[in-house]
Amino acid sequence: MEEHHPESLTANPVEIARILKDYRVIAIVGLSDKPDRPSYQVASYLKEHGYRIVPVNPGRQEILGEKCYKTLRDIPFPVEVVNIFRQVEAIPAIVEAAISQGAKVIWMQLGLESPSAARRAIESGLQVIMNRCIKIEHGKTQ
């Protein structure tokens, strides 16, 4: 299989804007309950902008007033975007769970890239965004 550059695996700015407009249910894997953490700030921002956030953190019952799930597979309703705030090593398993849950988009936050997991997601019909902050990208569309 040919090697792809990570940029070629990532949705372009027009696709990113459409994703942010069309998809409103976002599972945030690795969401912290600490207000000084980037994941918390991103989730809070998304919630303020009308998105339904679904926290995924096995150590918490609730974050930002939303029920917290231990894993993606525990969420009993469809999520559209899976926003990842975990170590790169955790990404392949998260992508597999997202595929099995019927997610539409894998979003790896700033600093996170996994080309092999991205290819797996794309082959399964998902769109992928790597190494970008969903909050920053949303701000560009406002």
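Keep in mind it's a predicted model, so treat the numbers as computed, not measured.

Caption draft 1: Seen up close, the sheet that holds strand β6 (residues 105-108). Taken in spatial order, the 5 strands line up as β2-β1-β5-β6-β7 in an open sheet, and their pairing is parallel. Edge positions in the sheet fall to β2 (52-56) and β7 (127-129), since each of these pairs with one other strand and no more. For this sheet, the mean inter-axis angle between neighbouring strands, taken without regard to orientation, is 20 degrees. Bridge analysis of strand β1 (residues 25-29) against strand β5 (residues 81-84) gives 4 bridges, and the strand direction is parallel. Residue Ile28 lies in a different strand from β5, and its bridge partner there is Asn83.

Caption draft 2: Examining the packing of aromatic side chains more closely. For the coordinates displayed, the defined rule picks out 1 aromatic pair. Sitting above the plane of the Tyr51 ring, Arg24 keeps its charged end 3.9 Å from the centroid.

Caption draft 3: Layout of the nonpolar core. With 28 residues, the main nonpolar core has Leu72, Ile75, Val82, Ile84, Ile106 and Met108 as its most contacted residues. Listing elements by their share of this core, those giving two or more residues are β1, β2, β5, α4 (91-101), β6 and α5 (115-123). Top contributing element to this core by residue count: α4, with 5 residues. The residues contacting Ile84, other than those within four sequence positions of it, are Val29, Ile91, Ile94, Ile106, Trp107, Met108, Gln109 and Leu112. One finds Ile16, Tyr40, Val42 and Phe85 within the second-largest nonpolar core, a separate group that totals 24 residues.

Caption draft 4: Seen up close, the packing of helix α2 (residues 13-22) against helix α6 (residues 134-141). Viewed as axis vectors pointing N to C, α2 and α6 meet at an angle of 95 degrees, and their least axial separation amounts to 10 Å. Accordingly, the angle class assigned to the pair α2 and α6 is roughly perpendicular. Facing Ile16, Ala17 and Leu20 of α2, the residues of α6 in contact are Ile134, Glu137, His138 and Thr141. Within the contact of α2 with α6, the residues separate by chemical class into 4 nonpolar, 2 polar and 1 charged.

Cut-offs applied
- Residues numbered from 1 in each chain as written.
- Predicted model: local features only at pLDDT ≥ 70, side-chain atom pairs only at ≥ 80, totals over all residues.
- Heavy atoms only, no water.
- Pairing = 2+ DSSP bridges.
- Helix = DSSP H or I, 4+ residues; strand = E, 2+ residues; numbered from the N terminus.
- Axes fitted to C-alpha atoms, helices over the stretch in contact; angles between N-to-C directions.
- Phe/Tyr/Trp six-rings, centres within 6.5 Å; stacked < 30°, edge-to-face > 60°.
- Lys NZ or Arg CZ within 6 Å of the ring centre and 35° of its normal.
- Core = buried A, V, L, I, M, F, W, Y, C linked by side-chain atoms within 4.5 Å.
- Buried < 20%, exposed > 50% of the residue type's maximum accessible area, 1.4 Å probe, protein only.
- Contact = heavy atoms within 4.5 Å.
- Parallel < 35°, antiparallel > 145°, perpendicular 65-115°, else oblique.
- Nonpolar A, V, L, I, M, F, W, Y, C, P; charged D, E, K, R; others polar.

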